[in-house]
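# Remarks on the overall topology
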Amino acid sequence: MENLIVTISRQFGSGGHEVGRILAERLGIRFYDKELVDMLAKDGKYDAAFIAENEEVCSTPIYPAVPGFAMPIFYQSLPSDLIYKGQAKLIRTLAEHSSCVVVGRCADYILRKMNPVNVFVYGSLERRVDRKFSMIPDGLKITRDEIRERVEEVDNKRARYHSFYTDKEWGCMDGYDICINTDQIGVAGAVETILAYVEARKKFTDK
């Protein structure tokens, strides 16, 4: 029997991380999000802090200037490219080894040949700003406008990253099995929705 693979793509502040974590607990399978940073750091090429800063980022390619050549004679790989390749290899290895839930990092594209359940978790901007604003620790002075800017910045970064490394548009419903708005049903409702879909898909594919 093939492994059950669920990928969670998410807008910032929509609760996608929590959805993935709770879903994995309910299914009794492995969960991977920030854990991937530490796992990738173990190979010694980059430390965890550097990976966390440069993952899910697409940088402008660096082409050495060569007089007399219209095109560069070679391409210089950037840290973000190497991190993507390293994470892609790690994600494939983990998914081949056991059933799991993977959050972000183009896992929907990386694992496309493994028949994953691809989920996109989203919500209205104001609800997502509310959620992130409510998580600010006491004593830390951050305005609501600053939170809104951060939410929009992270969403734009994720969209660029996904488009850069895949042939699909981030957030476009054609690329997902389920798109879930957490505004009304929250994290718990999103988990129940995915569980119902997983069970239904298993029922109909087993026929």
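Relevant structure appears above.
These numbers were taken from a predicted model, which means no experiment stands behind them. (Residues numbered from 1 in each chain as written. Predicted model: local features only at pLDDT ≥ 70, side-chain atom pairs only at ≥ 80, totals over all residues. Heavy atoms only, no water.)

## Section: the overall build of the protein
The following threshold applies: To qualify as a helix, a DSSP run of H or I must reach at least 4 residues; to qualify as a strand, a run of E must reach at least 2; elements of each kind are numbered from the N terminus. Exposure is judged per residue with a 1.4 Å probe applied to protein chains only, and the accessible area is read against the type maximum: over 50% gives exposed, under 20% gives buried, and values in between give partly exposed. The contact definition used throughout considers only heavy atoms, calling two residues in contact when any of these lie within 4.5 Å.
Within the protein one finds eight helices and five strands. Overall, the protein shows an N-to-C arrangement of helices and strands of β-α-β-α-α-α-β-α-β-α-α-β-α. Within the protein, buried positions represent 42% of all 207 residues. Across the protein, contacts joining residues at least 24 apart in sequence account for 69% of those joining residues at least 6 apart.

## Some details on the packing of helix 6 (residues 125-134) against helix 7 (residues 144-165)
Applicable threshold: Axes here mean lines fitted to C-alpha atoms, for a helix over just the part in contact, with angles spanning 0 to 180 degrees between N-to-C directions. Convention used here: angles under 35 degrees read as roughly parallel, angles over 145 as roughly antiparallel, angles from 65 to 115 as roughly perpendicular, and any remaining angle as oblique. Two helices that cross are described as forming a left-handed crossing if the nearer one is turned anticlockwise from the farther one by less than a right angle, and a right-handed crossing if clockwise. Residue polarity is assigned by list, with Asp, Glu, Lys and Arg as charged and Ala, Val, Leu, Ile, Met, Phe, Trp, Tyr, Cys and Pro as nonpolar; anything else, Gly included, falls into the polar class.
Contact geometry of helix 6 with helix 7 gives a least axis separation of 9 Å together with a crossing angle of 115°. In this view, helix 6 runs roughly perpendicular relative to helix 7, as classed from their interaxial angle. Crossing angle aside, the handedness with which helix 6 passes helix 7 is right-handed. Residue-level contacts link Leu 125, Glu 126, Arg 128, Val 129, Asp 130, Lys 132 and Phe 133 of helix 6 to Arg 144, Ile 147, Arg 148, Val 151, Glu 152 and Asp 155 of helix 7. For the contact of helix 6 with helix 7, the per-class residue count stands at five nonpolar, no polar and eight charged.

## A few points about the side chain of Asp 108
Put simply, the test is: Under the rule applied, a polar contact is a pair of N or O atoms within 3.5 Å (in protein, one hydrogen donor and one hydrogen acceptor; residues adjacent in sequence only if both atoms are side-chain atoms).
Along the chain, Asp 108 falls in helix 5 (residues 107-110). Reaching out from Asp 108, the side chain makes a polar contact with the side chain of His 162 at a distance of 3.1 Å. In this structure, Asp 108 is in contact with Thr 7, Ser 9, Pro 116, Asn 118, His 162 and Tyr 176, ignoring residues within four places of it in sequence.

## Brief notes about the environment of Asp 108
When its relative accessible area of 6% is taken as the criterion, Asp 108 is described as buried. As a C-alpha pair, Asp 108 and Ile 8 span 100 residues in sequence and 7.8 Å in three-dimensional space.

## As for the pattern of salt bridges
Oppositely charged side chains can pair when the atoms bearing their charge come close. What counts, and what does not: Here, a salt bridge means any side-chain nitrogen of Lys or Arg that lies within 4 Å of a carboxyl oxygen of Asp or Glu.
For the structure on display, the rule yields ten salt bridges. The closest approach of N and O atoms between Arg 105 and Asp 33, which form a salt bridge, is 2.7 Å. Pair noted here: Arg 105 is in the loop between strand 3 (100-103) and helix 5 and Asp 33 is in the loop between strand 2 (30-32) and helix 2 (35-41), with a separation of 72 residues, a long-range link. Each member of the pair, Arg 105 as well as Asp 33, is classed as buried. When the shortest N-O distance is used, the salt bridge between Asp 155 and Arg 128 registers 2.7 Å. Here Arg 128 lies in helix 6 and Asp 155 lies in helix 7, a separation of 27 residues in the sequence. Each member of the pair, Asp 155 together with Arg 128, is buried. Several salt bridges share partner residues, and in doing so they unite Glu 126, Asp 130, Arg 144, Asp 145 and Arg 148 into one network.

## Details of the sheet that holds strand 3
This is how it is decided: Should DSSP find at least two bridges between two strands, the strands are taken to pair.
In space, the five strands of this open sheet follow the order 2-3-1-4-5, with parallel pairing throughout. Among the strands making up the open sheet, the edge pair consists of strand 2 and strand 5 (178-181). Neighbour to neighbour, the strand axes of the sheet diverge by 20° on average, direction disregarded. Bridge count for strand 1 (residues 5-10) against strand 4 (residues 117-122) is five bridges, and the pairing is parallel. Paired with Arg 10 across the bridge in strand 4 is Val 121.

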